[in-house]
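# Reading the structure
Here is what each chain is made of, one letter per residue.
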Amino acid sequence: MNVTSLSRDKYLKYILLIPACSLLLLFILLPIFYSVRLSFFKWFLGAPQKTFIGIRNYIEAFNDPLFWTSFKNSLIFTFVTVFFEMTLGLAIALLFSRDFIGSRIARALILLPMMVAPVVVGFMFLIIFHGGYGIFNYIFSSVGIIQEHISWLGNPKFALPSLILAEVWQRTPFVILVSLAGIKALPEEPYEAAVVDGASRFQIFRYITLPLLKNVLFIALTIRTIISLRVFAKVYTLTGGGPGSSTYVLNLLGYKTGLEQFQMGYSASIVVIIFVVTMVFTVPIMRRAHF
Amino acid sequence: MDQLSESSSSSKREILEKVLLYLGVLVVLAVFIFPIYWMVSVAFKTPNSFTNLPPTPVWQSATLDNFKRAFELAPLGKGLINSAVVALFGSFLAIMSGAMAGYSLERFDFRGRKFVKGWILGTQLVPPVVVVVPLFLLFFQVNLVGTRISLILANATFLTPLCTWMMGGFFSQIPVELEECARIDGASRLGALIRITLPLATPGLMATWTLTFIYVWNNFIFALPLTDKATQTLPVIMAGFRTDKGIAFGAAAAAGAITVIPVLAFASLTQKYLVRGLVQGALD
């Protein structure tokens, strides 16, 4: 090896980090600092100057009923979707981990919802939930669960649950996939010992499978929480935040106040709050998962 | 006699269990496939037949009218090209930067390595909405709003941490000894990386590429503000079908099918890698 190649090798580790670090610095870190700074200013996009107003954007947010509606909806949406995705996902993974004819195809088909663009998922469920000729009304009324057709997306009582259903439909396969991978990697010995000891199926699940899957499930929980808190496209197309403000979530509020109403400072304060909320909810879960 | 009845009852139980297993699998699959099937079938139905309740089967009145109408209402052809360009270049850029960073963090030990790694992966926690306004203003300043470049950069940046993590994981599975052998034979470290490690990491590279391609293809939150009429990607065009005057359901379903089908085709071609990538994307 000659001297130039040695020195090239010496710096290679840093050179290799340049593209990733510059992208992240320029297009994530810098914008975060910009948002934080902007949140202390009053600025209407296009207006010549920004006025420093301290924390008044935050005070305005905390006095805005739409903020609290969005805040509440974001939390309900995240808790309920993540809860159903985790429980259903694990249950279906246990079912699909058994040996059956066509199991490989079934395990591939179940992943399809993950690949559909969230915008399109919104339209799929617009068609399904339609108050007049939606198939959902048809099935429910012919089974006798509902007496008359319901406008699922036009009724403030049902709009958020409908949105939650669409999200659970799309994201449960991710939990299935991750849980299946975890189940496949389970060791056999504890199960043999448990059968010898005459443990019941529930006991085996509760005291062997669940503890062994703990880390995999925490990883899935972390990722699901992050993604649920990011919901945007699906709300945008399925309900647009309505009827009224019944399905408004923080991301929609942050986006619309900024890029549709051009109250840049106010929008910045909303997105800073979103960032803090995301950290508060995900970091404690993440700490329990070993990635 | 006792033994016989016991074994027959246990085999009965086994049969019952099998039946329940298949039934359960079929119900689950039906639930998760149905919405996709339903949208595609609405896309092929005539406007009169898709409001029928009980629904009539697609093949009774299959037509391409909705697709024709969708192409008239919206620039879907342009959208297909824009989506393909942005997804190709966005995923390529993300993988390049991610693979390089992943290799550096996995194969070298240096001061600050842990910090840089934690910092790169930590950015995955940042919600896209936090940076979307600043990115819009930044790209506006340099006249890049409305171009595909801004969208490619935004998407590639947000997928760089995932790629760093996935590619780092794949690199760590390749024995260092192979590279060392090449270096004894006179190859530089970079040469060993390009000629030995990279080819061995091809399945991992494919997995990462498939996953990132689909992410960029489906992205909406960056595409909405950063594109204009000429550079709109399919999800943005799709969202335009929801108007104040109502929704042309048939055409929207057709546009939805056009958005989804390329991804499903791509995913089925690379399925072997994709499943691995999805798992690797979540587990290390």
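The model shown is predicted, which means the values in this text are computed figures rather than measured ones. One numbering rule holds for all chains: residues counted from 1, following each sequence as written. Chains and ligands are labelled by the order in which they are written, letters from A for the one and numbers from 1 for the other. Only residues with pLDDT of at least 70 get local features here, since the model is predicted, and only at 80 or more are side-chain atom pairs given and counted; chain-wide, interface and lining totals rely on the full set of residues.

Of the regular secondary structure elements, chain B holds 14 helices and 2 strands. By the compact-globule yardstick of 19 Å for 284 residues, chain B is too spread out, its C-alpha radius of gyration being 25 Å. Expressed along its principal axes, the backbone C-alpha trace of chain B runs to roughly 80 × 70 × 35 Å. Residues counted as buried form 46% of the 284 residues belonging to chain B. Considering only contacts in chain B between residues 6 or more positions apart, those separated by 24 or more positions represent 76%. Numbering of helices and strands starts at the N terminus; helices are DSSP runs of H or I of at least 4 residues and strands are runs of E of at least 2. Computation of the radius of gyration draws on C-alpha atoms alone. For the globule rule, the value is 2.2 Å times the number of residues to the power 0.38. Partly exposed residues are those whose C-beta has more than 12 but fewer than 20 other C-beta atoms within 10 Å; 20 or more makes a residue buried and 12 or fewer makes it exposed, with C-beta atoms placed from the backbone. A pair of residues counts as a contact when their C-beta atoms, built from backbone coordinates, are separated by no more than 7 Å.

With that out of the way, let us pick up the overall build of chain A. Within chain A, the secondary structure is distributed over 14 helices and 2 strands. A compact globule built from 291 residues would reach a C-alpha radius of gyration of about 19 Å, whereas chain A, at 24 Å, exceeds it by more than 25%. The C-alpha extent of chain A, read off along each of the three principal axes, is 80 × 75 × 30 Å. For chain A, with 291 residues in total, the buried portion stands at 42%. Looking at chain A alone, contacts between residues at least 24 apart form 71% of all its contacts between residues at least 6 apart.

Ile127(A), Phe232(A), Met39(B) and Ala255(B) are the most contacted members of the largest nonpolar core, which has 160 residues in total. Tallying contributions element by element places helix H7 (residues 148–172) of chain B first for this core, with 14 residues. In this structure Phe232(A) touches Asn251(A), Leu252(A), Tyr255(A), Val129(B), Phe220(B) and Ile221(B), once residues within four positions along its chain are discounted. Here a nonpolar core is just a set of buried residues of the types Ala, Val, Leu, Ile, Met, Phe, Trp, Tyr and Cys, joined wherever their C-beta atoms sit within 7 Å.

In this complex, chain A contributes 75 residues to the contact, which on the side of chain B involves 76 residues. The element contributing the most residues to the side of chain A that touches chain B is helix H2 (residues 18–38) of chain A, with 10 residues. Amino acids outside the nonpolar list (Ala, Val, Leu, Ile, Met, Phe, Trp, Tyr, Cys, Pro) and the charged list (Asp, Glu, Lys, Arg) are all regarded as polar, and Gly is one of them. Residue composition of the side of chain A that touches chain B, by class: 60 nonpolar, 10 polar and 5 charged.

This part takes up the domain arrangement of chain B. Residues and elements named next belong to chain B. Domain borders in the structure are assigned automatically or taken from a domain database. As assigned here, chain B comprises domain 1 (2–63) and domain 2 (67–282). Domain 1 and domain 2 are separated by 35 Å when their C-alpha centres are compared. Contact residues are listed per partner, giving 6 residues for domain 1 and 7 residues for domain 2. Put simply, the parts of the chain that give the side of domain 1 that touches domain 2 at least two residues each are helix H1 (2–44) and helix H2 (47–50). No other element matches the 4 residues that H1 contributes to the side of domain 1 that touches domain 2. Across the side of domain 1 that touches domain 2, the residue classes break down as 6 nonpolar, no polar and no charged.

Residue and element names in this part refer to chain A. As a packed pair, helix H11 (residues 201–229) and helix H14 (residues 264–288) sit with axes 8 Å apart at the nearest point and diverge in direction by 170°. Put simply, H11 runs roughly antiparallel to H14. Within the contact between the two elements, H11 uses Phe-218, Leu-221, Thr-222, Thr-225, Ile-226 and Leu-229 and H14 uses Thr-278, Phe-281, Thr-282, Ile-285, Met-286 and Arg-288. Across the contact of H11 with H14, the residue classes break down as 7 nonpolar, 4 polar and 1 charged. Each axis is a line fitted through C-alpha atoms, taken for helices only over the stretch in contact, and angles between the N-to-C directions span 0 to 180 degrees. To sort the angles, those under 35 degrees are grouped as roughly parallel, those over 145 as roughly antiparallel, those from 65 to 115 as roughly perpendicular, and the leftovers as oblique.

The next thing to look at is helix H10 (residues 189–196) of chain A. Along H10(A), only 0 of the 8 residues are buried, which leaves the element largely exposed. Phi turns positive one or two residues past the end of H10(A), at Gly198(A), with a value near 75°.

Here we take up the environment of Ala30(B). Residue and element names in this part refer to chain B. Mapped onto the elements of the fold, Ala-30 is located in helix H1. Accessibility expressed as a C-beta count within 10 Å gives 10 for Ala-30, which makes it exposed. In the structure, Ala-30 is positioned 45 residues away from Pro-75 in sequence and 33 Å away in space, judged by C-alpha atoms.

Here we take up the environment of Trp68(A). All names here are of chain A. The topology assignment puts Trp-68 in helix H4 (residues 65–96). Judged by C-beta crowding, with 12 C-beta atoms within 10 Å, Trp-68 ranks as exposed. Taking the C-alpha atoms as reference points, Trp-68 and Leu-111, separated by 43 residues in sequence, lie 35 Å from one another.

Attention shifts here to the confidence of the model for chain A. By definition, pLDDT measures how confident the predictor is in each residue, and it falls between 0 and 100. Per-chain confidence: chain A averages 90 in pLDDT, with 97% of residues scoring 70 or above. Considering only residues more than four positions removed or in separate chains, one finds that residues 1–6 of chain A, a stretch of pLDDT under 50, has 2 contacts.

The next point concerns unusual backbone geometry. The amide bond that connects Gly242(A) to the next residue, Pro243(A), takes the cis arrangement and shows omega of 0°. Turning to its location among the elements, Pro243(A) is positioned in the loop between helix H12 (233–238) and helix H13 (250–259). At Asn143(B), a position not held by glycine, the phi torsion is positive, near 60°. Here Asn143(B) lies in the loop between helix H6 (128–141) and H7. Among the residues examined, Asn143(B) registers 9 C-beta atoms within 10 Å and is labelled exposed.

Examined against the element boundaries, Pro128(B) turns out to sit in helix H6. Along the sequence, Pro128(B) and Asn155(B) sit 27 residues apart, while their C-alpha atoms lie 9.8 Å from each other. With near-sequence residues (within four places) excluded, Pro128(B) lies in contact with Arg230(A), Phe158(B), Ile221(B) and Phe222(B).

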